[in-house]
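In case you want the letters, here they are:
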Number of protein chains: 2
Amino acid sequence: MKLLTKNTDYVVRALIVLAMKRGQFISAREISKSQNTPYQFLRQILQKLIQNKIVVSKEGIGGGVRIVKSPSKISVLELIEMFQGNLELSDCMFRNKICQNRKTCVLRPEIKRIENNVALEFSKITIEKLVKKIGEKDEKKLYRNR
Amino acid sequence: MKLLTKNTDYVVRALIVLAMKRGQFISAREISKSQNTPYQFLRQILQKLIQNKIVVSKEGIGGGVRIVKSPSKISVLELIEMFQGNLELSDCMFRNKICQNRKTCVLRPEIKRIENNVALEFSKITIEKLVKKIGEKDEKKLYRNR
DNA sequence: CCTAACTGATACTAGTTTACTATCAGTTAT
DNA sequence: ATAACTGATAGTAAACTAGTATCAGTTAGG
Ligand code: FES
Ligand code: FES
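Please read all numbers here as calculations on a predicted model, not as lab measurements. (Residues numbered from 1 in each chain as written. Chains lettered and ligands numbered in written order. Predicted model: local features only at pLDDT ≥ 70, side-chain atom pairs only at ≥ 80, totals over all residues. Heavy atoms only, no water.)

(A) Here's a closer look at the overall build of chain A. Counting its regular elements, chain A contains seven helices and two strands. Listed by position from the N terminus, the elements making up chain A come as α-α-α-β-β-α-α-α-α. By residue count, 45% of the 146 residues in chain A fall in the buried class. The contacts of chain A with a sequence gap of at least 6 include a subset with a gap of at least 24, amounting to 65%. (Helix = DSSP H or I, 4+ residues; strand = E, 2+ residues; numbered from the N terminus. Buried < 20%, exposed > 50% of the residue type's maximum accessible area, 1.4 Å probe, protein only. Contact = heavy atoms within 4.5 Å.)

(B) Molecular detail of the packing of aromatic side chains. Under the defined criterion, the tally for this structure stands at two aromatic pairs over all chains. Measuring from ring centre to ring centre gives 5.7 Å for Y10(B) and F41(B), while their planes differ by 85°; the resulting arrangement is edge-to-face. Of this pair, Y10(B) sits in helix α1 (residues 6-20) while F41(B) sits in helix α3 (residues 39-51), and the two are 31 residues apart along the sequence. A relative accessible area of 9% means that Y10(B) is categorised as buried. The class of F41(B) is partly exposed, set by a relative accessible area of 31%. A cation over a ring is seen here: R29(A) above Y39(A), with NZ or CZ 3.7 Å from the ring centre. (Phe/Tyr/Trp six-rings, centres within 6.5 Å; stacked < 30°, edge-to-face > 60°. Lys NZ or Arg CZ within 6 Å of the ring centre and 35° of its normal.)

(C) Geometry of the protein's contact with DNA strand C. The local shell around DNA strand C holds 25 residues, among which I50(A), S57(A), G64(A), Y10(B) and Q44(B) are the closest. The sugar and phosphate moieties of DNA strand C supply 54% of its atoms located within 4 Å of the protein. Between DNA strand C and Q44(B), the relevant distance is 3.0 Å, taken from a base oxygen to a side-chain nitrogen or oxygen of the residue. For the surface near DNA strand C, the elements supplying multiple residues, two or more each, are α3 (39-51) and β1 (55-58) of chain A together with α1 and α3 of chain B. (Near = heavy atom within 4 Å. Polar contact = N/O pair within 3.5 Å; in protein donor to acceptor, adjacent residues only side chain to side chain.)

(D) Spotlight on the nonpolar core. Ranked by size, the top nonpolar core spans 82 residues in total, and within it L15(A), L49(A), L79(A), F122(A), L15(B), L49(B) and F122(B) carry the most contacts. L15(A) has contacts with L49(A), I54(A), V55(A), I67(A), I74(A), L79(A) and I127(A), leaving out every residue within four places of it along the chain. (Core = buried A, V, L, I, M, F, W, Y, C linked by side-chain atoms within 4.5 Å.)

(E) Region of the structure containing the protein's contact with DNA strand D. Taken together, 25 residues lie around DNA strand D, and Y10(A), Q44(A), Q44(B), I50(B) and S57(B) are the ones closest in. Protein-adjacent atoms of DNA strand D, using a 4 Å cutoff, are sugar or phosphate at a proportion of 53%. Within the side chain of K2(A), a nitrogen or oxygen atom sits 3.4 Å from a phosphate oxygen of DNA strand D. Q44(B) places a polar side-chain atom, nitrogen or oxygen, 2.9 Å from a base nitrogen of DNA strand D. Going through the elements one at a time, α1 (6-20) and α3 of chain A together with α3 and β1 (55-58) of chain B are the ones with two or more residues in the surface near DNA strand D.

As structure tokens, then:
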């Protein structure tokens, strides 16, 4: 059960970088190098972020992408939905006898419940929170080294 | 994000049937017909249940499989793990700068937390509970029709 | 005004997974 | 004997994943 695919993984990391450098245009090449993500793959991913107005782009030298949506409003859930399609149930077997006789399925509501839970959890994880977590770790580090 | 694949879906339904007919040998053909599951696919699935000692088989005419593990002890989680492999994290990018610098990742613990939650929820859903749910629905139906 | 560093758009591809299908051998109740 | 079963295993089409490759257009700086 793979909750995140590579492109979602990469996009989260890219957005963390962009959130930490808010206001600046960062090139795909720079993100690719700093995060060890395949360049062309990352470019596709960034194009989708542009289409979804999470970042804006600037062409030419010194160009790149700049984050425009507030990191506090970018949830991992919307990134998953953007790159992996909607969270959706596995297909229903309409002609299944169990369901035919009882009108509704006993398994599916349970799965639906769990899926809703997963969606809720992912909706709570925002880019802002992840950036803050990085900050907290740095503080601890500074404290230990003092 | 597909939590259940077809084989897990089919095996749950097959086990519901077998649990409702505990003690009896039911053939793959019969389950296949009653649940509208592809026969050969179902046979593979049942063989795995046999290997995992959840059912026993009897060859020849009048044969089939019989459930031997208590339905209260068969969780959907173990079926998922049996048919979809362990719930596992998407691969880690060890050389990732964010993680290199901070020793640990900020995203991964969150995903791990959610995955553990999903596993816990699926471990609570047993075949026995699903069979009971079917029973409850039947009762409601009887009550309404009275 | 040239050129190097950028994005825009899109086509292609190898490998893996999913959801099956097919085959042949052996078993057992009637 | 034979029809209805399981045991074991090979094959396969389609979809998905994780990329790669190309070419066209844009822009800052010398
Ligand atoms: S198979 Fe469709 S709701 Fe159960
Ligand atoms: S990439 Fe490995 S723990 Fe973050």
